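Examining the three-dimensional arrangement
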Amino acid sequence: MGDPTYAQPAEPGRPGLPEPVTPAGRDGLAAILARPERAVVALDFDGTLAAIVPDPEQARAHPDAAPALAALAPRLCSVAVVTGRPAGVAVRYGGFAGVPGLDHLVVLGHYGAERWDAVTGTVRAAEAHPGVAAVRAELPGFLDAIGAWRGTWIEEKGRAVAVHTRRAEDPQAAFDALREPLAELAARHGLIVEPGRMVLELRPPGMDKGVALAEYLREVGAESVLYAGDDLGDLPAFGAVEKLRSDGVAGLLVCSGSAEVTELADRADLVVDGPPGVVALLSALTSRLPPA
């Protein structure tokens, strides 16, 4: 696709809707604008609505994210947050609970294994995979035994467990060195490894953001979708939208720009400058839609 074109944040009071750089993306945007009541806007959380920070427990949504979603959601079929985080954590870190206008919001956590919706304010969850508990118990000693303890740290994610390398002396080298050993550890316990931005997540197979997104779009009967993400874990969702396009569901793929993950920018119809750019895009889209 060539070098990505970054959309500029909107000027205060004058939100400008950027034009996708691909024909498929322009068709997707046109479909959302033409029939917003049949459109879904779906977004990753970390790196898309919230900035990437060294400690994931300190991540919080951009301060304008919830207000922007609350203004947009009533004009659409639905807004969905699709994340590898537990659904309840994403709701808390996003500040989504009890926000007027977010009745049409759902959070698909743990790649769809958990679901929170604003209408009930509750989380529904599938049964946990036993391999996660086994890996959780084994992982500290495993990292110590292979000499990878220094600079790496473990994040407990409930239905998954992740190893971060961002604090290592050479984060990319530590990431690369751990991929194969962690894949072998995961396989022994019936899990897979999901790579991210300086993080390797060990989780159950069978669910990813693409599966979760496609199932949800079918459930609500969406005719068009905007999906925004920033990470390797968003590639399955990009793939799902590309597949849905061939089935008649118009789609717009947005990359929340990152120099760390060029694969996503290369496949995007539109690249924006991180969470501020995503919020600006949501606000610009709202300005082009009729009131609810």
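Scroll up for the structure.
Only a predicted model underlies this, so the values are computations on that prediction, with no experimental measurement involved.

This part takes up helix α7 (residues 235–246). Between its first and last C-alpha, α7 extends 17 Å over 12 residues, near the 16 Å set by a 1.5 Å rise per residue. Along α7, the residues classified as buried are Leu235, Ala237, Phe238, Ala240, Val241 and Leu244.

Under the definition given, this model contains two cavities of 30 Å³ or more. There is about 430 Å³ of room inside the largest cavity. Asp46, Ile52, Lys157, Val199 and Asp231 are, among the 26 residues lining the largest cavity, the residues nearest its centre. Within the residue set of the lining of the largest cavity, elements represented by two or more residues are β9 (192–195) and β10 (199–203). Here the residues of the lining of the largest cavity sort into nine nonpolar, five polar and 12 charged.

Right, let's talk about the packing of aromatic side chains for a bit. According to the stated counting rule, one finds two aromatic pairs in the structure shown. Each ring, one from Tyr227 and one from Phe238, has its centre 6.2 Å from the other, and the planes form 90 degrees; the classification is edge-to-face. Here Tyr227 is found in strand β11 (residues 224–229), whereas its partner Phe238 is found in helix α7, with 11 residues between them in sequence. Of the two residues, Tyr227 and Phe238, neither departs from the other in class, the shared state being buried. The ring of Tyr93 carries Arg60 above its face, with NZ or CZ at 4.0 Å from the centroid. Note that Arg167 overlies the ring of Trp153, its terminal NZ or CZ placed 4.4 Å from the centroid.

Conventions we followed
- Residues numbered from 1 in each chain as written.
- Predicted model: local features only at pLDDT ≥ 70, side-chain atom pairs only at ≥ 80, totals over all residues.
- Heavy atoms only, no water.
- Helix = DSSP H or I, 4+ residues; strand = E, 2+ residues; numbered from the N terminus.
- Expected span 1.5 Å × (residues − 1).
- Buried < 20%, exposed > 50% of the residue type's maximum accessible area, 1.4 Å probe, protein only.
- 1 Å grid on protein atoms, 1.4 Å probe; cavity = no way out; pocket = protein on both sides within 12 Å on 5 of 7 lines; lining within 4 Å.
- Points joined across faces, edges and corners; volume = space filled by probe spheres on them.
- Nonpolar A, V, L, I, M, F, W, Y, C, P; charged D, E, K, R; others polar.
- Phe/Tyr/Trp six-rings, centres within 6.5 Å; stacked < 30°, edge-to-face > 60°.
- Lys NZ or Arg CZ within 6 Å of the ring centre and 35° of its normal.

These figures come from the coordinates and say nothing about function on their own.
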